[in-house]
Each structure stands twice: as C-alpha cells, then as structure tokens.
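Structural features, examined
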Amino acid sequence: MRNRPPSSKSDRRSKSGPTNTGRDNGRGKPGAPAKGPRAAKSFTRDEERPARGPRVTRERAADQQGEERRPQRGPRRDDARPGGRPTRDGGPARISRDGAPSRPPRGDNRPTRSNPGRSMSAAEELGLEESAPLRASIGPALNKHNLLYGIHAVAAAWTNPVRKIRDLFVTEAGLEALDSAFDKASRAELDRPEPQLVEKDDLDKLLPPGAVHQGVALSCAPLPEVQIEDICIAAANDPSATVVVLDQVTDPHNVGAVLRSAAAFGAKAVIVQDRHAPPVTGTLAKTASGAVEVVPLVRVTNLARAIDDLKAAGFWTVALAESGARNLHQVDLTGRSALVMGSEGEGIRRLTGERCDEIVRLPTGGPIGSLNVSNAAAVALYEVARRR
C-alpha cells in the first residue's frame, strides 16, 4: 500500500525471515552468514599469529627468477678512484664515463730504472699533485676581480715582503715560470703557502673572461694604504723626486700602464682621486706588470688639496694639456717635479689646472695631435729622467 506507514526494523526482520540464508558455509550447507565487510581475524592465546615471510625486493625477485640484477650505482664524483685527476682530499683521480682513466697516474711517469732519461716536472720535483682547487684556504672567498694574474704581476707580489699571500693557483707551465720567484722568496725566508696545481680550464673559469693569466693566479690581501703625507716625507731627502698625478683617469689599463712607466723611470708614486680611479684589480696589476708592488698608488679625496701639499713639499707642479704655452722640454724639471695629467676625454679640469704652477704641452703634430694618457706619461717621465 502506498500510504502504509513503514514498519520498524524489528518488524521487517521478523517478517523477512532469517538473515543467514543464501551462501553456504564452505561445506555445502545453507545457513552461512551473508557476505559483508571483512572482519579482522582474531586469535586466541592458544593460537599463534602466523609469521610474516621475508620481504621480496626487486633484486631478490630477479635472482629467484634467474634474471640479471640491475647494477648498483657507482661511487660519487668525490670518491677516490684509481687513476686520472685526484680528488679534493688528495685521493686518486677521477675516471671518465667509459671507465678509462682520463690520464695516466702522475706517479707512473716518474723516472724509473726502465726509463731513467725522463726528467721530472717542476710539480713532481716539489712533490705537488694536481688537486681540485679554486677554493680559498684562508681569508675571504675567492673573487675573480680581486685575484692577481700574469707571470710578472704574480712574481712581484710573491717576492714582496709586504704582501700577505693566501693562495697560489698554477698550471704546470706557470709553475716553471715562477721558479726564480720561488727561489727569491725562499732566500728571503718569506712565509708563502704551498702552490696548488690546476688545469688551464680551471683558471679560465676562475678569472674574468679574456684574462691572459699565463697559467698563474694569486689570491692575496691588499697592500697597506699610503698617504700623500708619506710621499712628501719620503721626498724630503730626494731633491729630484718625481710623482705622477692623474685627474679622473678611470681606465684600469691606463692606470696600470702609467704605474709601469713610473716604475721604469723611478717615480715615487702615482696619485689619483679616490672617487674617480679604478681599484687595484687583476686587470690593473697585469697591465702594470709588477709595478703595483714597487710604486704606491696613493688615493686622495681632494686632488686640488693634494697638489697644494706637493707644492708645500717643494714639488714644481706641471700640467700637460694641448692649451699649454710652452713645450715640456722648455721647462726646468731638474728639481722635484709633479706631472699632472687628465683623462683622454675631458683632460685637466679647470680647478686642477689652476692649482698647478704651469701648463705645458707635448710637441706633437700630424693628423693626430694627442697621445693616450699612458703614452703621454711615458714621454713626460722620459724627459724628466733625461734632464737628470
């Protein structure tokens, strides 16, 4: 009936008959419980829970079926391996992907009874082994712009007692090129670290792009700063002292070349304005070719005031510009002299020129009437040295 109220569960259960009908209990007898949610099997105290069998892994299953096991993953790149390039902890070298050593072990190439004619390399004579370098052993982290590179720049810094050296990275050829610098530092009993033997590609990645490192790179602390007062005091006992003043010369190649000329002609210092001068980077030191270690690069805040200090110390200050009334060789430069030069674009600034004793020019001519600032400095320093 449609309008008949539903009966209770007890009524429906009693009217529908027993619930244990349908499926047998496994022995063909009716009355087995109806299939419902699977209940967890319980065990009495007298019964024991069956032990779980061993877990079958993929490798064990492959063994049981007679299949070939998957090869295990090899050691990491930092692990010691026979032959080739050594690891960072001094262990054996790395091998290539095909399993062959990248190069024969270094010890196999040493002179033996069967090969007595082979000469040992510089690294083998020093007992050095190639390692995975390019990490600073002491001091701050390596910075590609603060590293010195080039044979002359690195050799001069290595033999400078004032320099504090942190790390030296060299190739086999670079190590041999620095042999005389090693001997000089050893005779002077300088505290120097052990050179780290590297590959050329490692130096290419460590230094700025295009750096001509010649197989050497040096990490060192900056030199102590020299003040303008120190230069005036050092020139007190030298009646023919010469300094070079650069007015807003910002190219590191030009500053390095001026330092090299200053060292060649015996100048006391190169003075620059701190805000408009490049730092002493590897590029500047490479161009200076070791002059950074012997000619101080003095940084001042006010260039006009520094010229006044030089004049008070007895320096005759001469600015070089195309507007000069006289040529350089017509000026008396036998005493203390300060050669002031400006940048290639703007030249000497007005205030700087007004502070100088005289403005002179070089006797240039032809289609190009001016010189690069580093070339002009070399010509002017030569003229001063010739007068003496």
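Residues numbered from 1 in each chain as written. Predicted model: local features only at pLDDT ≥ 70, side-chain atom pairs only at ≥ 80, totals over all residues. Heavy atoms only, no water.

Quick look at the overall build of the protein chain
To keep it simple, the criterion reads: By definition, any uninterrupted DSSP run of H or I lasting at least four residues is a helix, any uninterrupted run of E lasting at least two residues is a strand, and each is numbered from the N terminus. Burial status follows relative accessibility: with a 1.4 Å probe on protein chains alone, a residue under 20% of its type maximum counts as buried, one over 50% as exposed, and anything between as partly exposed. What makes two residues a contact is simply this: any of their non-hydrogen atoms within 4.5 Å.
Assigned secondary structure in the protein chain consists of 13 helices and 13 strands. Buried positions account for 37% of the 388 residues belonging to the protein chain. Of all intrachain contacts in the protein chain linking residues separated by at least 6 positions in sequence, the fraction that spans at least 24 positions is 74%.

Considerations on the packing of aromatic side chains
Selection criterion: Each pair of aromatic rings taken from Phe, Tyr and Trp, with Trp reduced to its six-membered ring, is defined by centres within 6.5 Å and is described as stacked if the planes are under 30 degrees apart, edge-to-face if over 60, and tilted in the remaining cases.
Under the criterion given, the structure shown has two aromatic pairs. Ring plane angle 75° and centroid distance 5.5 Å describe the contact between Trp158 and Phe182, whose orientation is recorded as edge-to-face. Taken together, the positions of Trp158 in helix H4 (residues 151-158) and Phe182 in helix H6 (residues 179-187) put the pair 24 residues apart, joining distant regions of the chain. Judged by relative accessible area, Trp158 falls into the buried class, the value being 4%. We classify Phe182 as buried; its relative accessible area is 15%. Plain terms: the ring middles of Phe265 and Tyr382 are 6.4 Å apart, the flat faces sit at 65° to each other, and that makes the pair edge-to-face. Within this pair, whereas Phe265 is found in the loop between helix H9 (252-264) and strand S8 (269-273), its partner Tyr382 is found in helix H13 (residues 373-387), the two being separated by 117 residues in sequence. A residue is classified by how much of its surface remains accessible, and Phe265, at 34% relative accessible area, is partly exposed. When its relative accessible area of 47% is taken as the criterion, Tyr382 is described as partly exposed.

Regarding the pattern of salt bridges
Pairing between side chains of opposite charge can happen when their charged atoms approach one another. Spelled out, the test is: A side-chain nitrogen of Lys or Arg and a carboxyl oxygen of Asp or Glu constitute a salt bridge if their distance falls within 4 Å.
The tally for this structure, following the rule as stated, stands at 11 salt bridges. Residue Asp247 pairs with Arg349 through a salt bridge whose shortest N-O separation is 2.9 Å. Taken together, the residues span a long stretch of sequence, with Asp247 in strand S7 (residues 242-247) and Arg349 in the loop between strand S12 (337-342) and helix H12 (350-355) at a distance of 102 residues. You can call Asp247 buried: its relative accessible area is 0%. For the salt bridge of Asp274 with Arg299, the shortest nitrogen-to-oxygen distance reads 3.7 Å. Placement of the pair is Asp274 in the loop between S8 and helix H10 (282-288) and Arg299 in strand S9 (residues 297-300), with a sequence separation of 25 residues. Through salt bridges with shared partners, a single ionic network connects Glu383, Arg386 and Arg387.

Quick look at the packing of H9 against H13
Quick note on the threshold: As a rule, the C-alpha atoms of each element are fitted with a line to give its axis, helices using only the stretch in contact, and angles between N-to-C directions run from 0 to 180 degrees. Any angle between 65 and 115 degrees counts as roughly perpendicular, while under 35 counts as roughly parallel, over 145 as roughly antiparallel, and the rest as oblique. Note on convention: near helix rotated counterclockwise from far helix by under a right angle means a left-handed crossing. Clockwise means right-handed.
Contact geometry of H9 with H13 gives a least axis separation of 8 Å together with a crossing angle of 15°. On the basis of the axis angle, H9 is roughly parallel to H13. For the crossing formed where H9 meets H13, the hand is right-handed. Of the residues in H13, those in contact with Asn254, Ala257, Val258, Ser261 and Ala262 of H9 are Val373, Ser374, Ala377, Ala378 and Leu381.

Digging into H9
What counts here: Expected span of a helix: the number of residues minus one, times 1.5 Å. By the criterion applied in these results, polar contacts are pairs of N or O atoms within 3.5 Å in which, for protein atoms, one can donate a hydrogen and the other can accept it, and in which residues neighboring in sequence qualify only through two side-chain atoms.
Under the 1.5 Å per step criterion, the end-to-end length of H9 is 18 Å for 13 residues, consistent within 8% with the ideal 18 Å. Those residues of H9 that sit buried are Asn254, Val255, Gly256, Val258, Leu259, Ser261 and Ala262. Looking at where H9 begins, the residue whose side-chain oxygen comes 3.1 Å from the main-chain nitrogen of His253 is Asp251. One or two steps after H9, the chain reaches Gly266, where phi turns positive at roughly 80°.

Observations regarding the environment of Glu358
Within the secondary structure layout, Glu358 lies in strand S13 (residues 358-361). It is 9.0 Å that separates the C-alpha atoms of Glu358 and Ala325, two residues lying 33 residues apart in sequence. Among all residues touching Glu358, those that are not within four sequence positions of it are Trp316, Thr317, Val318, Ala319, Arg326 and Val331. A polar contact is formed between the side chain of Glu358 and the side chain of Arg326, at a distance of 2.8 Å.

As for the sheet that holds S9
Selection rule: Only when DSSP finds a minimum of two bridges between them are two strands counted as paired.
Taken in spatial order, the seven strands of this open sheet run S9-S8-S7-S12-S10-S13-S11, and their pairing is parallel. Two strands in the sheet have a free side with no partner beyond their single neighbour: S9 and strand S11 (326-327). Pairing analysis gives four bridges linking S7 to S8, with the strands arranged parallel. Paired with Val243 across the two strands is Ala269, which belongs to S8. In this fold H13 packs onto S7, strand S10 (316-320) and S12, with an angle of close to 165° to the strand it touches most, S12.

Some thoughts on the layout of surface pockets
The following threshold applies: Using a 1 Å grid laid over the protein atoms alone, points where a 1.4 Å probe fits but cannot get out form a cavity; open sets with protein on both sides within 12 Å along at least 5 of 7 lines form a pocket; any residue with an atom within 4 Å of a point counts as lining. Grid points are joined across faces, edges and corners, and a volume is the space filled by probe spheres set on the points. Residues are grouped as follows: Ala, Val, Leu, Ile, Met, Phe, Trp, Tyr, Cys and Pro are nonpolar; Asp, Glu, Lys and Arg are charged; all remaining types, including Gly, are polar.
Size it by volume and the second largest pocket reaches roughly 540 Å³. Lining the second largest pocket are 25 residues, and of these Leu320, Ala321, Glu322, Ser370 and Leu371 sit closest to its centre. Where the lining of the second largest pocket is concerned, the elements lending two or more residues are S10, S12, H12, S13 and H13. Ranked by residue count, the leading element in the lining of the second largest pocket is H12, at three residues. Classifying every residue of the lining of the second largest pocket gives 10 nonpolar, eight polar and seven charged.

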